[in-house]
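Observations on the three-dimensional arrangement
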Amino acid sequence: MSASRLSVNVNAIAMLRNRRDLPWPSVTGMAAIAMDAGAKGITVHPRPDERHIRKTDVFELSELIEDRYPNKELCLEGYPTADFMKLVEEARPDQVLFVPDDPDQTTSDHGWQFGGDTGPLADAIAAAKDWAVTVSLFCDPDPAAPEHAARLGAERIEIYTGPYGACYDDPAAASRELDKVVATAEAARSAGLGVNAGHDLTVENIPALIARAPFIREMSIGHGFTADALIHGFAESVRRFRKSMGEI
């Protein structure tokens, strides 16, 4: 079995759990199922109001991976506030994805705009790297973005694939959006950056992307994965997504 690109985002599992004052569904339990089934790791986005992932989840996931899955990875997503940076410092994930989210956003829906003051972002990148945490920046499908990310010191970008995923019922529009994603991925590779992708990726739209950008190293998938898993089960959905990536 080849190495996996799939990082399963378990935010939706935490959101379901938080509907009741009960410990199930278990975030760590479902994460373990995903990793046992072949996922490369787990992604979480702990928001300030803890409406899904809680800080306690971050530490429990970090401990789970350290103890049972030393070859797997934990990725934390978040806006680099002082509180989030403290969490990164304490949890020491394998990777941090800095996103330009307002606290009230329901999901990450745009990449960084590099025309403004990027000093605080550069400081956050430098701090995370000092803690031996790999840094990725969330970028729109724009071939100009990777150069800015590299200049700031990021080691990877995650391309926002939401516009591509939104064209699930319009093949012509999907083709146009895919061109933008691929051009951005190629620009990132040329800039010496690792390339990740995420948002609204499914077993239906991944094959066309991976065929044109096989060098993508990670796909972080939450909503589409969870929707698929409600039908097929967590372990089987790992297999289905990895198959769509051409890995098995």
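Definitions and cut-offs
- Residues numbered from 1 in each chain as written.
- Predicted model: local features only at pLDDT ≥ 70, side-chain atom pairs only at ≥ 80, totals over all residues.
- Heavy atoms only, no water.
- Helix = DSSP H or I, 4+ residues; strand = E, 2+ residues; numbered from the N terminus.
- Rg over C-alpha atoms; globule rule 2.2 N^0.38 Å.
- Buried < 20%, exposed > 50% of the residue type's maximum accessible area, 1.4 Å probe, protein only.
- Contact = heavy atoms within 4.5 Å.
- Areas by Shrake-Rupley, 256 points an atom, 1.4 Å probe, with all protein chains shown as cover.
- Lys, Arg positive; Asp, Glu negative; His and termini not counted.
- Charge placed at Lys NZ, Arg CZ, Asp CG, Glu CD.
- Polar contact = N/O pair within 3.5 Å; in protein donor to acceptor, adjacent residues only side chain to side chain.
- Salt bridge = Lys/Arg side-chain N within 4 Å of Asp/Glu carboxyl O.
- Pairing = 2+ DSSP bridges.
- Axes fitted to C-alpha atoms, helices over the stretch in contact; angles between N-to-C directions.

**Here we look at the overall build of the protein chain**
What the protein chain contains, in helices and strands, is 11 helices and 8 strands. Against the compact-globule benchmark of 18 Å for 248 residues, the protein chain has a radius of gyration of 17 Å, which places it among compact chains. Projecting the C-alpha coordinates of the protein chain onto the three principal axes gives extents of approximately 45 × 40 × 35 Å. Looking at the protein chain as a whole, 53% of its 248 residues are labelled buried. At a minimum sequence separation of 6, the contacts of the protein chain that also span at least 24 residues come to 66%. Total accessible area on the protein chain is roughly 11,200 Å²; 51% of this is exposed by carbon and sulfur atoms. Distance between charge centres in the protein chain, computed from 25 positive and 38 negative side chains, equals 5 Å.

**Focus on the environment of Ser-26**
Mapped onto the fold, Ser-26 is located in the loop between α1 (11–17) and α2 (27–36). At 2.8 Å, the side chain of Ser-26 forms a polar contact with the backbone nitrogen of Gly-29.

**Comments concerning unusual backbone geometry**
The omega torsion across Trp-24 and Pro-25 is 0°, close enough to zero to call that bond cis. For Pro-25, the location among the structural elements is in the loop between α1 and α2. Of note, Arg-92 is a non-glycine position whose phi angle comes to about 50°, a positive value. With respect to the helices, strands and loops of the structure, Arg-92 is situated in the loop between α4 (82–91) and β4 (95–98). Of note in the backbone geometry, Ala-132 takes a positive phi value of approximately 65° without being a glycine. Following the sequence through the fold, Ala-132 ends up in the loop between α5 (119–130) and β5 (134–139). By relative accessible area, which is 68% here, Ala-132 ends up exposed.

**Focus on the pattern of salt bridges**
If you walk through the whole model with that rule in mind, you get 13 salt bridges. A salt bridge links Glu-177 to Lys-180, with the nearest nitrogen and oxygen atoms 3.4 Å apart. You can see Glu-177 and its partner Lys-180 sitting in helix α8 (residues 171–190), 3 residues apart, about one turn around the helix. Note on Lys-180: relative accessible area 40%, which makes it partly exposed.

**Quick word on the sheet that holds strand β1 (residues 6–9)**
Judged by pairing direction, the barrel is parallel, and its 8 strands sit side by side in the order β1-β2-β3-β4-β5-β6-β7-β8 before closing back on the first. Taking the axes of each pair of neighbouring strands and ignoring which way they run, one obtains an average angle of 25° across the sheet. For strand β2 (residues 41–44) and strand β3 (residues 73–78), the ladder comprises 4 bridges, and the chain directions are parallel. Bridge pairing in β3 links Thr-43 to Cys-75.

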